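Breakdown of the fold
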Amino acid sequence: MPLPATSEARPLVSLSNVGVRRSGRWLVRGVDFSVSRGEIVTLIGPNGSGKSTTVKTAIGVIRPDEGKVTRASGLKVGYVPQKLAIDWTLPLTVRRLMTLTGPLSDSDMKEALGAVGLSHMRDAEVQHLSGGEFQRALMARAMARKPDLLVLDEPVQGVDFSGEIAIYDLMKTIRNTTGCGILLISHDLHVVMAATDTVICLNGHICCRGTPQAVTQSAEYVRLFGSRAAQSLAVYSHDHDHTHLPDGRVLHADGSVTDHCHPEDGHHYGHDHAGHDHSSHSRDHAHHDHEHAGHDHAHHHTADDGHGHKHPAGARHV
Ligand SMILES: Nc1ncnc2c1ncn2[C@@H]1O[C@H](COP(=O)(O)OP(=O)(O)OP(=O)(O)O)[C@@H](O)[C@H]1O
């Protein structure tokens, strides 16, 4: 059952001064934010900065050691975890994967797989799916129960760049069609920035927050992710003239759909995919020197913020 209409103005989940302490150490502290219906909130931050801990606390898997978490009553959460304990030696079909966490009617399964472009793969073995297909199957499984809040912990791991775009586009479509709230974890800074309403930059505490535009310009963000990352939003908005659909076809800016990209398409924002040559696209993105292999975003965080900087409108430093 969806939440009643009267609850729409209230956040689906809200964290107030939340802290989680383990083995004598605060994993996160002083965290406060909320996610409302129809809103996409993204947590970004370096490895070990407390992103998973924060979302697990938000959905009630972990109890906070200080502060308060408030969830709308009757809140239904769809959770796509970062890791899934699957025995890859056992045969498992997509159909079975969809029902591992609970029963699902045939029509709900059909609708969910259709929404992620996997209708034709119902009986496929999960171990034969590509990284992107597997992530979309997990999203279908989470969506099939029509959650009020969809929580995605790094949904683009093991997914190539066009697959990433498809997943973020799918995420926006889910939000637009169902009106659910989405809480997303990512340390991928490129595409996610354009798919997000609010970005929260975490490093044990909230370093800064705001719209993607505001956050990418904030000194705290640059300190965490390096100055190259600050260009990510511009990179995205320059070149996103086509979209890779879940079924592999390409939707162009003029609305046409083709099986493949056009050679002149602005493409992939300078990702350096090892093993294939992008030289035909080079004039489109010569200035976008992101290296995919290794994700070498510099994490220059210093304990002393200095505070000798200005905050762009909309970014809040905490
Ligand atoms: N139960 C626990 N006991 C002790 N330390 C923990 C526990 N759970 C997590 N940690 C530590 O807390 C820190 C934050 O972990 P968390 O998984 O929340 O980070 P993350 O930002 O999601 O990282 P990543 O980007 O690598 O997934 C890490 O240093 C981790 O080792």
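To be clear, the structure that these remarks concern was listed above.
Every value quoted in this text rests on a predicted model; they were computed, and no experiment measured them.

Cut-offs used in this document
Residues numbered from 1 in each chain as written. Predicted model: local features only at pLDDT ≥ 70, side-chain atom pairs only at ≥ 80, totals over all residues. Heavy atoms only, no water. Near = heavy atom within 4 Å. Polar contact = N/O pair within 3.5 Å; in protein donor to acceptor, adjacent residues only side chain to side chain. Areas by Shrake-Rupley, 256 points an atom, 1.4 Å probe, with all protein chains shown as cover. Helix = DSSP H or I, 4+ residues; strand = E, 2+ residues; numbered from the N terminus. Nonpolar A, V, L, I, M, F, W, Y, C, P; charged D, E, K, R; others polar. Salt bridge = Lys/Arg side-chain N within 4 Å of Asp/Glu carboxyl O. Buried < 20%, exposed > 50% of the residue type's maximum accessible area, 1.4 Å probe, protein only. Arc of directions from axis to C-beta. Contact = heavy atoms within 4.5 Å. Pairing = 2+ DSSP bridges. Axes fitted to C-alpha atoms, helices over the stretch in contact; angles between N-to-C directions.

1. As for the site of the ligand
In the vicinity of the ligand lie 14 residues, with Asn47, Gly48, Lys51, Ser52 and Thr53 positioned nearest. Backbone polar atom of Ser49 to an oxygen atom of the ligand: 3.1 Å apart, as the coordinates give it. The separation between an oxygen atom of the ligand and a polar side-chain atom of Lys51 is 2.7 Å. Out of a free accessible area of 630 Å², the ligand has 63% covered by protein chains. At the level of secondary structure, the elements contributing two or more residues to the shell around the ligand comprise strand 2 (25-35) and helix 1 (51-59). The greatest single-element share of the shell around the ligand, amounting to three residues, is contributed by helix 1. Of the residues that constitute the shell around the ligand, the class distribution is two nonpolar, eight polar and four charged.

2. Quick notes on the pattern of salt bridges
This model, assessed by the stated rule, comprises nine salt bridges. One salt bridge connects Arg209 with Asp32, and the closest N-O pair in it is separated by 3.3 Å. Taken together, the residues Arg209 in strand 9 (residues 206-210) and Asp32 in strand 2 connect sequence positions 177 residues apart. The buried category is assigned to Arg209, whose relative accessible area is 10%. Residue classification places Asp32 among the partly exposed positions, given a relative accessible area of 30%. Residues Arg122 and Asp106 are paired through a salt bridge, measuring 3.7 Å at the closest nitrogen-oxygen approach. Linking Arg122 in the loop between helix 3 (106-115) and helix 4 (131-143) with Asp106 in helix 3, this pair joins segments that are 16 residues apart in sequence. Judged by relative accessible area, Arg122 falls into the buried class, the value being 14%. Ionic contacts of the salt-bridge type, sharing partners, join the residues Asp108, Glu111 and Lys146 into one network.

3. Observations concerning helix 3
For helix 3, the set of buried residues is Met109, Ala112 and Leu113. Along the long axis of helix 3, the arc covered by the buried residues comes to 95 degrees, so they all point the same way. Residues of helix 3 that are exposed and angled more than 90 degrees away from the buried face: Ser107 and Lys110. Next to the buried residues of helix 3 lie helix 2 (94-99) and helix 4. Taken from the residues just after helix 3, Gly117 is the one with a positive phi, measuring 75 degrees.

4. A few points about the sheet that holds strand 2
Spatially, three strands are ordered 2-1-4 in an open sheet, and the strand pairing comes out antiparallel. Looking at the sheet topology across the chains shown, the edges are occupied by strand 2 and strand 4 (66-71). Taking the axes of each pair of neighbouring strands and ignoring which way they run, one obtains an average angle of 25 degrees across the sheet. Bridge count for strand 1 (residues 13-22) against strand 2 is seven bridges, and the pairing is antiparallel. For Val13, the partnering residue across the bridge sits in strand 2 and is Val35. Contacts from helix 1 reach strand 1, strand 2 and strand 4, with the element oriented near 125 degrees to strand 1.

5. Focus: the environment of Arg145
Along the chain, Arg145 falls in the loop between helix 4 and strand 6 (149-153). Judged by its relative accessible area of 26%, Arg145 is partly exposed. Separated by 67 residues in the primary sequence, Arg145 and Gly78 have C-alpha atoms spaced 7.4 Å apart. Not counting chain neighbours up to four residues away, the residues in contact with Arg145 comprise Lys76, Met98, Thr99, Thr101, Gly102, Pro103 and Leu104.

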